[in-house]
Amino acid sequence: MGESNCIFCQIVDGEIPSHTVYEDDAVMAFLDANPLAEGHTLIIPKDHYSTMDEMPDAVGAAIGRALTQLAPVVENSVGANASTIGINNGEDAGQEIPHVHAHVIPRTPDDHGGSIHSIFGGTPEIGDDELTELAQDIETRI
Ligand code: 5GP
Ligand code: ZN
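For the structure given in this document, a descriptive report is provided here. (Residues numbered from 1 in each chain as written. Chains lettered and ligands numbered in written order. Predicted model: local features only at pLDDT ≥ 70, side-chain atom pairs only at ≥ 80, totals over all residues. Heavy atoms only, no water.)

On to helix α2 (residues 57-77). For α2, built from 21 residues, the straight-helix expectation of 30 Å at 1.5 Å per residue is met to within 8% by its first-to-last C-alpha distance of 30 Å. Taken residue by residue, α2 has Val 59, Ala 62, Ile 63, Ala 66, Leu 67, Leu 70, Ala 71, Val 74 and Glu 75 as its buried positions. Considering only its buried residues, α2 is in contact with β1 (20-23), β2 (27-31), β3 (41-45), β4 (82-86) and β5 (102-107). (Helix = DSSP H or I, 4+ residues; strand = E, 2+ residues; numbered from the N terminus. Expected span 1.5 Å × (residues − 1). Buried < 20%, exposed > 50% of the residue type's maximum accessible area, 1.4 Å probe, protein only. Contact = heavy atoms within 4.5 Å.)

Next up on the list: the nonpolar core. A general trend in soluble globular proteins is that nonpolar side chains are found buried together. Counting residues in hydrophobic clusters, the biggest one holds 16 residues, and the most contacted among them are Val 27, Ile 43, Tyr 49, Met 55, Ile 63, Leu 67 and Val 104. Those elements that place two or more of their residues in this core are β2, α2 and β5. The greatest single-element share of this core, amounting to eight residues, is contributed by α2. Not counting residues up to four positions away in its chain, the partners in contact with Val 27 are Tyr 22, Ile 43, Ile 44, Lys 46, Ala 62, Ile 63 and Ala 66. (Core = buried A, V, L, I, M, F, W, Y, C linked by side-chain atoms within 4.5 Å.)

This brings us to the coordination of the zinc ion (ligand 2). Here the zinc ion (ligand 2) is held by the protein donor atoms Cys 6 (SG), Cys 9 (SG), His 48 (ND1) and His 99 (ND1), which lie 2.0 to 2.3 Å from it. Coordination geometry of the zinc ion (ligand 2): the four donor atoms subtend angles of 105 to 116° at the metal centre, consistent with an arrangement described as tetrahedral. Considered as a linear motif, the donors of the zinc ion (ligand 2) on their single chain read C-x2-C-x38-H-x50-H. Linking Cys 6 in the segment before α1 (7-12) with His 99 in the loop between β4 and β5, this pair joins segments that are 93 residues apart in sequence. Judged by its relative accessible area of 5%, Cys 6 is buried. (Donors = N, O, S within 2.8 Å, 3.2 Å for Na, K, Ca; no water. Tetrahedral: all angles 85-135°; square planar, octahedral: opposite > 155°, others 65-115°.)

Taken together, five strands build an open sheet; the order of strands is β1-β2-β3-β5-β4 and the sheet is antiparallel. Only two strands of the sheet have a single partner each, and these edge strands are β1 and β4. Along the sheet, successive strands turn relative to each other by an average axial angle of 20°, direction set aside. The strands that α2 touches are β1, β2, β3, β4 and β5; relative to β3, the one it contacts most, it runs at about 165°. (Pairing = 2+ DSSP bridges. Axes fitted to C-alpha atoms, helices over the stretch in contact; angles between N-to-C directions.)

What follows covers the pairing of β3. Burial runs high along β3: five of the five residues are buried. Burial along β3 is two-sided: the face carrying Thr 41, Ile 43 and Pro 45 and the face carrying Leu 42 and Ile 44 are both buried. Sheet analysis places β2 next to β3, joined by five bridges and oriented antiparallel. Opposite Phe 30, over in β3, you have Leu 42 as the bridge partner. Where β3 lies against β5, three bridges are found, and the strand directions are antiparallel. Across the sheet, Thr 41 pairs through a bridge with Val 104, a residue of β5.

That is the geometry; function is a separate question.
If you want it as structure tokens, here you go:
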């Protein structure tokens, strides 16, 4: 039983129908209801975690495994040779459904979509010293 007010938990529990493409003990994958491209697929943990940091390592590994297995299959099924794979991780990043989900969006040369870089208006000025300091800070926090 998932969170009663979570759409994706309701999909896992079979209370809301979905076009499911894959399921194992930890993970489920289904077609996005408002696809950005044909084959747009969502991969979710079956248990409810709002954001990535809440997921146990084993669940993260299961999501990663499903992504590597499914992305090429989804691409092939719609005749694409590439996909954009992304997670809106948290409300500030545009996450609308607070249950972790990875998007697999098949890409074609004429789809008029951009790269992940195109989400941002530009690149902030960050000097090399600052990069060194930041890398050390992140490393010590892991
Ligand atoms: P987010 O912005 O949270 O990363 O993306 C949520 C995604 O879930 C959107 O692409 C949206 O189309 C999809 N979505 C929302 N509600 C449903 C639903 O009930 N079923 C399915 N299959 N997808 C949904
Ligand atoms: Zn949920």
